[in-house]
Amino acid sequence: GNGTIPAVYPERLELAKVAGQQILELVKRDIKIKDILTKEAFANALAVDMALGCSTNSALHLPALAHEAGVKITLKLINQVSAKVAHLCNLAPAGPDHLQDLHAAGGIMAVMNELDKKGFLDRELITVTAKTAYENYKNITVKDHKVIAPITKPHHTVGGLAALFGNIAENGSIVNQSAVAEEMLVHKGPARVFDSEDDAYAGIIGGKIKKG
């Protein structure tokens, strides 16, 4: 529940206390961070991210974290995972639901339980709970299928992120495809290119982007 418990809930204070106790348990069992942060664990993380609809920030933060753990995540790997993992949650700003809605619907563990039904996750990975991933989520089911769509009826059959390659992004670029309108997925015509987010924002606000 670390990512979804609202700040004002007493559960958050309880979580902080339990986290401190759990650190001692990990030391006692000699479970180290690199025992947890494996290549397979990052694949699980990407799968969950795809189901949530993702943020383009994922393409920055997950590879950076993986790099520190000696694991390589490429844009091509993101495409491979996205091609097979369904998009289950319509979270803001792309959709109507927010993190507190996801929490009330069962949270990340419920999303993982849903993904498990199609074999999208590696069940046997050791986690910070000192249990396997499957042991963590096996009893956590979805409480609201309007917030977490059934794996049999996803919002999209592919995940939230797509890596794009071409003549204006030879090394690759990233887009949150689950937040892109259907009619915008294919565009033929000119492209307006900026070298930073600040420049792009100024261009949009300044009226430099014209129809087409």
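Basis of the calculations
- Residues numbered from 1 in each chain as written.
- Predicted model: local features only at pLDDT ≥ 70, side-chain atom pairs only at ≥ 80, totals over all residues.
- Heavy atoms only, no water.
- Axes fitted to C-alpha atoms, helices over the stretch in contact; angles between N-to-C directions.
- Helix = DSSP H or I, 4+ residues; strand = E, 2+ residues; numbered from the N terminus.
- Parallel < 35°, antiparallel > 145°, perpendicular 65-115°, else oblique.
- Contact = heavy atoms within 4.5 Å.
- Nonpolar A, V, L, I, M, F, W, Y, C, P; charged D, E, K, R; others polar.
- Polar contact = N/O pair within 3.5 Å; in protein donor to acceptor, adjacent residues only side chain to side chain.
- Buried < 20%, exposed > 50% of the residue type's maximum accessible area, 1.4 Å probe, protein only.
- Arc of directions from axis to C-beta.
- Phe/Tyr/Trp six-rings, centres within 6.5 Å; stacked < 30°, edge-to-face > 60°.
- Lys NZ or Arg CZ within 6 Å of the ring centre and 35° of its normal.

Colleague: Kindly report on the packing of helix H3 (residues 39–52) against helix H7 (residues 107–116), identifying the contributing residues and their values.
Modeller: For the pair H3 and H7, interaxial distance at closest approach is 10 Å and the crossing angle is 100°. Taken together, H3 and H7 sit at an angle that is classed as roughly perpendicular. Between H3 and H7, the residues in contact are Ala47, Val48, Ala51 and Leu52 and Ile108, Val111, Met112 and Leu115, respectively. Of the residues in the contact of H3 with H7, the class split is 8 nonpolar, no polar and no charged.

Colleague: For the environment of alanine 59, give the residues involved together with the corresponding values.
Modeller: Within the secondary structure, alanine 59 is located in helix H4 (residues 58–68). A C-alpha to C-alpha distance of 8.6 Å links alanine 59 and leucine 161, two positions 102 residues apart in sequence. Contacts of alanine 59, omitting those with residues within four sequence positions, involve Ile78 and Ile174.

Colleague: How would you summarise the side chain of serine 178 if you had to cite specific residues and measurements?
Modeller: By the secondary structure assignment, serine 178 is in the loop between strand S2 (169–176) and helix H9 (197–205). Within the local environment of serine 178, its side chain forms a polar contact with the side chain of asparagine 176, the two groups lying 2.7 Å apart. Residues in contact with serine 178, not counting those within four places in the same chain, are Gly53, His87, His156 and Gly160.

Colleague: Got a sec to walk through H4? Specific residues and values, please.
Modeller: Within H4, the full set of buried residues consists of Ser58, Ala59, Leu62, Pro63 and Ala66. Buried residues of H4, viewed axially, fall in a sector of 105°; they line one side. Opposite its buried face, H4 presents the exposed residues Leu60, His61, His67 and Glu68, each directed more than 90 degrees away. Where H4 is buried, its residues contact H3, helix H5 (75–84), strand S1 (161–166) and S2. Among the residues trailing H4, glycine 70 stands out with phi positive, at a value near 80°.

Colleague: I'd like to hear about the packing of aromatic side chains, residue by residue, with values.
Modeller: For the structure shown, the criterion picks out 1 aromatic pair. Taking the centre distance of 5.6 Å and the plane angle of 90° together, the rings of tyrosine 134 and tyrosine 137 count as edge-to-face. Note that tyrosine 134 and tyrosine 137 are positioned in helix H8 (residues 133–137) at a spacing of 3 residues, about one turn of the helix. For tyrosine 134, a relative accessible area of 27% gives the class partly exposed. Positioned over the ring face of tyrosine 134 is arginine 123, at 3.9 Å from the centre of the ring.

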